[in-house]
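Observations on the three-dimensional arrangement
What follows is the residue order along each chain.
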Amino acid sequence: MDTKYVFVTGGVTSSLGKGIISASLAKLLQKRGYRVTIQKFDPYLNVDPGTMNPYEHGECYVTDDGAETDLDLGHYERFLNVPTSQANNVTTGRVYQTVIDNEREGKYLGKTVQIIPHVTDEIQRRMKILGDSGEFDIIITELGGTVGDIESLPYVESVRQLKRKLGSDDSVVIHLTFVPYLKAAGELKTKPTQHSVQKLLEAGVQPDILVCRTEHKLSKEIRSKISLFCNVNQNAVIESIDASSIYEVPLLMEKEKLDKVVLAKLRLPSTSDADLDSWKDFLFKLKHPKNEVNIGLVGKYVELPDAYKSIIEAFIHAGAVNECKVNLTLMSSENLHEDTIEEKLKGLDGVLVAPGFGDRGIDGKISTIKYLRENNVPFFGICLGMQCAVIEYARNVLGLKTAHSTEMIKTIDPVIDLMESQKGISKKGGTMRLGAYKCKLEKGSKSYTAYGKQMISERHRHRFEFNNTYLEKFEALGMKAVGINPDNNLVEVVEIPTHPWFVGVQYHPELKSTVDEPHPLFVRFVKAALDNKK
Ligand code: GLN
């Protein structure tokens, strides 16, 4: 069978949930037995989002192969439970870099290098890489941005060209739009959708399916009106009503028959129904918790929850396993001071100290950890959070008063220090320790109990590490390195065995939590918080 292509564009406004619609459609197709993957094309000029501030772009999602990517890839993995890679995320920066490199190498010798055909050819080449691998039956390509943006044009043009080459049975275009409700008029309005489709038509692309984001149900009349004015079949006008959880969207799309309409358009059989039992089971647990816990998330990008997207979602998965609602409070570490910490952390059953960069808010993180350690409150530290736990222990238990990370300050006790491999690196893009590395866990540790095995693989994104010259001192005084990278001896996990649950990890477990496989450390941490409540 030929690889089939689904393109997902967005109109009217951003933030309509293209990533969730793409992931939901992919889930339904996967549950019908198709091999599906999703790729995201982002129209900005950064080569990847790794150099962007979380306030600009939300979380930077890291894949096994060490690509720094858009956070939508996190949704793809959480829904599909299939790893993505660098090939799943392309940016304009990456496309232009290749075209300019080609030009310098003389590959277009004699020609004027232009957006069409050179940039659009490169976009199409990249759109087909995963399809040509033979590993997938259906490739869903999500175009970032909104139709009508100047920077989106080369992508829409590429879709037009590729659609023509692929033929109408092998490709389908889904356009996600917004159908607003005008309170004063008391009705839903279709005009923005009509205009958005006109914008696509100007670029030569007729959408096959319209997914209409709306706060109210679409009546039959509204559906026929959209169908008539936008030139799509009535059964291809799909309602996407606001849901209480993103995990409900696959079921809503199933009800609207989005997967069936797509399969019919691609001339693929849709005889057997999607088996969504395990998904429904997860949703049931999510919606009917028997318990609840209060967990604090201490970080410095708290005004923008998207900066902690994967952590927030990992708590949703772990909550469902424990049949418990996790009330997550995002707290700015800049507002946490030693003298008021007890007051601020009151009522929390556990606290996660977040990853991050730079010294803003670092003291608040260290004071928080001291309180949690001394008061036996479950603590989970991720990356910078783990590094802060090491600094706190060095200062207050080992008595190394000036202990710090050399990321923050030059000190005589650099308990967290730059990795050897990082010394001499000055370029910022893609130069951290990135992607999956192995780790061996010590039997009997809390982490080992959680994972149920000794050898694990987790994803990284950092430059600094535990300084092994201090390891003996730490272990002698009660903080153990229970997870070690077997190839280079770097400390991956620290624990305090005498504490009810004190675990710090150098890697990012949140990136591997999915609906099908909630992350064991999050599951255990939520359980520890529940136990702490009793
Ligand atoms: N800033 C720290 C480092 O680079 C931690 C990074 C992180 O939390 N992702 O090592």
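Residues numbered from 1 in each chain as written. Predicted model: local features only at pLDDT ≥ 70, side-chain atom pairs only at ≥ 80, totals over all residues. Heavy atoms only, no water.

**Points about the site of the ligand**
Put simply, the rule is: What makes a residue near a molecule or strand is one non-hydrogen atom of that residue sitting within 4 Å of it. Polar contacts, as used here, are pairs of N or O atoms within 3.5 Å; protein pairs need one atom able to donate a hydrogen and one able to accept it. Residues neighboring in sequence count only if both atoms are side-chain atoms. Accessible surface is estimated by sampling points in the Shrake-Rupley manner with a 1.4 Å probe; for residues, cover comes only from the protein chains shown. Secondary structure is summarised from DSSP: a helix means a run of H or I of at least four residues, a strand means a run of E of at least two, and numbering begins at the N terminus for each.
Close to the ligand lie Pro355, Gly356, Phe357, Cys383, Leu384, Gln387, Glu407, Arg461, His462, Arg463, Phe464 and His508. Between the ligand and the protein, one listed contact pairs an oxygen atom with a backbone N or O atom of Phe464 at 2.8 Å. Within the side chain of His508, an N or O atom sits 3.2 Å from a nitrogen atom of the ligand. Taken by itself the ligand offers 300 Å² of open surface, and the protein chains cover 99% of this. Residue assignment for the shell around the ligand shows that the elements contributing at least two residues are helix H15 (384–396) and strand E19 (455–462).

**Section: helix H12 (residues 309–321)**
Using the following cut-off: Helix span, as expected, comes to 1.5 Å for every residue beyond the first. Residue exposure (1.4 Å probe, protein chains only): buried if accessible area is under 20% of the type maximum, exposed if over 50%, otherwise partly exposed.
Taking 1.5 Å as the rise per residue, H12 with 13 residues should run 18 Å; its terminal C-alpha atoms sit 19 Å apart, in good agreement. With respect to burial, H12 is a largely interior element, 11 of its 13 residues being buried. The complete set of buried residues in H12 reads Lys309, Ser310, Ile311, Ile312, Glu313, Ala314, Phe315, His317, Ala318, Gly319 and Ala320. Glu323 lies just past H12 and shows a positive phi near 50°.

**Observations regarding helix H14 (residues 362–374)**
Given a rise of 1.5 Å per residue, 13 residues ought to cover 18 Å, and the 19 Å separating the end C-alpha atoms of H14 matches this to within 8%. Here H14 lies mainly inside the structure; 11 of its 13 residues are buried. Within the span of H14, buried status applies to Ile362, Gly364, Lys365, Ile366, Ser367, Thr368, Ile369, Lys370, Tyr371, Leu372 and Arg373.

**A short note on the pairing of strand E17 (residues 414–418)**
Quick reminder of the rule: Here, any two strands with at least 2 DSSP bridges between them count as paired.
By the bridge criterion, 2 bridges tie strand E16 (residues 404–405) to E17 in an arrangement that is parallel. What sits directly across from Ser405, in E17, is Ile416. Sheet topology note: the E17/strand E20 (residues 464–466) ladder contains 3 bridges and is antiparallel. Bridge pairing in E20 links Ile416 to Phe466.

**Structural notes on the packing of helix H5 (residues 115–132) against helix H6 (residues 153–166)**
Applied cut-off: Interaxial angles span 0 to 180 degrees and are taken between N-to-C directions of axes, which are lines fitted to C-alpha atoms, for helices over the stretch in contact. By definition in this entry, angles of less than 35 degrees are roughly parallel, angles greater than 145 are roughly antiparallel, angles of 65 to 115 are roughly perpendicular, and the rest are oblique. Each crossing gets its handedness from the near helix: less than a right angle anticlockwise from the far helix is left-handed, clockwise is right-handed. In this description, contact between two residues means that some pair of their heavy atoms is separated by no more than 4.5 Å.
The geometry of H5 relative to H6 is characterised by a closest axis approach of 9 Å and an angle of 70° between their N-to-C directions. Here H5 is positioned roughly perpendicular relative to H6, judged by the angle of their axes. Here the hand of the crossing between H5 and H6 comes out right-handed. Here H5 contributes Ile115, Ile116, Val119, Thr120, Asp121, Ile123, Gln124, Met127 and Lys128 to the contact with H6, which in turn contributes Pro154, Tyr155, Glu157, Ser158, Val159, Gln161, Leu162 and Lys165.

Purely geometric numbers; function is a separate question.
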